[in-house]
Amino acid sequence: MYTLSDFDFNLPPELIAQHALPERSASRLLEVTPSGALLDHRFGELPACIEPGDLLVFNDTKVLKARFDGVKASGGRVEVLIERVTGLRTALAQIRASKRPAPGSTIRLAGAFDVSVGERVEPFHTLHFPHDCIELIDRYGRLPLPPYIEHSPDTYDEARYQTVFATTPGAVAAPTAGLHFDAPTLAALDARGVRRATLTLHVGAGTFQPVRTDDIAQHKMHSEWYHIPPALVEAIEATRAAGHSVIAVGTTSMRALEAAARDAERDGRELHAVHAETDIFITPGYQFRVIDRLVTNFHLPKSTLLMLVSAFAGVEPIRLAYRHAIAQRYRFFSYGDAMLLTRAASVAQP
């Protein structure tokens, strides 16, 4: 079996993109073909890489301004990261403090309003807001840029760390493969006859959670909420019937579709519309059920997302692609460049 060290690589720190490019589709795109050839493109050339009739599946989640500085009633300072909105006035949050806040205590966030601390839902705290929490988060919170981006978020980040098709608030990290798409690229896809559909998966902070055990089978994935609408199921069925490909835009879209298909298969059913939670962990050896191709960014060493793309395209092809990307000075991680992958016919176990 593969171990954590099989997914490690040396990345020059200067290749970690700290800022988004002014033009979304000006990023680079590395296409990894089924034959193993590596083709360098600009992202704006993506439509030419996709066949008419193929279906692109986007994640329409919208990133919340989920980070707050706060003060406990005792005067102690805390850092709060909203993990998930659970109701009109409730949310789960990570709280960093010298002493864990007790249920029933209050925290003043952003110097603007008070929340009360409710029950512990490991590893999070329940927070009760005075009124609509999404409205308060949007008004007073700060954008939760990933930990490897070293500057504080500004108004430019508020626009660029959000996809142009984001409509459903609830994520605390962006579905970053979608950040490359702009209106001209979407128009070019439409003109080529490429179909589009959406799902929602609210990306949690757990997406940055490191794998802490060398035996990757022992890693416990975080859980995320997703929704697959009936229109998407119909679009996938029509695409399959016509002999075309289903292409996930981002690992979040892939995880939602593969989780739904896996669970439906277990129950003896076809893929269907669903609201559900998933903690699916995709590693080499996984049998993909829905996705034929994947648009994705370059991922962190030893990350679950690197394991996912290795499961999809093959461990060795991904290693070769990452070496090429480093040699060609591609930009990595959330604000970095992209890849276009095709599902490997089979992925051998070591």
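You'll find the protein entered in an unreviewed UniProt entry as S-adenosylmethionine:tRNA ribosyltransferase-isomerase, with Mycetohabitans endofungorum given as the organism. In the Sequence similarities (unreviewed entry) part of its UniProt record, the protein is described as follows: "Belongs to the QueA family." Listed in UniProt under the heading Subunit (unreviewed entry), the comment for the protein reads: "Monomer."

1. Examining the overall build of the protein
Within the protein, the regular secondary structure consists of seven helices and 17 strands. Scaling as 2.2 N^0.38, a compact globule of 350 residues should have a C-alpha radius of gyration of about 20 Å, and the protein matches this with 20 Å. Each of the three principal axes of the protein carries a C-alpha extent, and together these read 65 × 45 × 45 Å. Counting all 350 residues of the protein, 53% fall into the buried class. Of the roughly 15200 Å² that the protein leaves accessible, carbon and sulfur atoms contribute 51%. Each charge class in the protein can be summarised by its mean position, and for the 36 positive and 40 negative side chains these summaries are 5 Å apart.

2. Observations concerning the nonpolar core
Tyr161, Tyr226, Leu232, Leu257, Phe332 and Leu341 are the most contacted members of the largest nonpolar core, which totals 73 residues. Sorting elements by how many residues they give to this core places helix α6 (residues 304–313) first, with seven residues. Not counting residues up to four positions away in its chain, the partners in contact with phenylalanine 332 are Phe9, Leu11, Leu15, Ile16, Ala17, Phe298, Tyr322, Ala325 and Ile326. Residues Val78, Val80, Cys133 and Val172 belong to the second largest nonpolar core, which totals 22 residues.

3. Side note on the domain arrangement of the protein
Partitioning the protein into structural domains gives domain 1 (4–63 + 158–342) and domain 2 (67–140). Look at where the C-alpha atoms of domain 1 and domain 2 centre, and you get two points 31 Å apart. If you look at the interface, domain 1 gives nine residues, while domain 2 gives six residues. Summed over both sides, the interface between domain 1 and domain 2 buries roughly 510 Å², with carbon and sulfur atoms accounting for 48% of that surface. When the buried surface of domain 1 facing domain 2 is broken down by residue, Pro169, Val172 and Ala205 rank first, second and third, together holding 56% of it. Across the contact surface, domain 1 and domain 2 share one salt bridge. One salt bridge in this structure joins glutamate 277 and arginine 84, with 2.5 Å as the shortest N-O distance. Summed over the shared surface of domain 1 and domain 2, the result is three residue pairs in polar contact (both at pLDDT 80 or more). Classifying every residue of the side of domain 1 that touches domain 2 by side-chain character gives four nonpolar, three polar and two charged.

4. Some thoughts on unusual backbone geometry
Across the junction of glutamate 122 and proline 123, the peptide omega takes the value 0 degrees, indicating a cis bond. Within the chain, alanine 110 stands out as a residue other than glycine whose phi angle is a positive 55 degrees. Relative to the elements of secondary structure, alanine 110 occurs in the loop between β8 (106–109) and β9 (113–121). Positive phi values are uncommon outside glycine, yet arginine 329 reaches one of about 65 degrees. Locating arginine 329 in the fold gives a position in the loop between α7 (315–327) and β17 (338–342). Arginine 329 sits in the partly exposed class, given a relative accessible area of 43%.

Analysis parameters
Residues numbered from 1 in each chain as written. Predicted model: local features only at pLDDT ≥ 70, side-chain atom pairs only at ≥ 80, totals over all residues. Heavy atoms only, no water. UniProt positions renumbered as here; feature names shortened; annotations may be inferred. Helix = DSSP H or I, 4+ residues; strand = E, 2+ residues; numbered from the N terminus. Rg over C-alpha atoms; globule rule 2.2 N^0.38 Å. Buried < 20%, exposed > 50% of the residue type's maximum accessible area, 1.4 Å probe, protein only. Areas by Shrake-Rupley, 256 points an atom, 1.4 Å probe, with all protein chains shown as cover. Lys, Arg positive; Asp, Glu negative; His and termini not counted. Charge placed at Lys NZ, Arg CZ, Asp CG, Glu CD. Core = buried A, V, L, I, M, F, W, Y, C linked by side-chain atoms within 4.5 Å. Contact = heavy atoms within 4.5 Å. Domains from an automatic or database assignment. Buried area = accessible area lost by both parts, 1.4 Å probe. Salt bridge = Lys/Arg side-chain N within 4 Å of Asp/Glu carboxyl O. Polar contact = N/O pair within 3.5 Å; in protein donor to acceptor, adjacent residues only side chain to side chain. Nonpolar A, V, L, I, M, F, W, Y, C, P; charged D, E, K, R; others polar.

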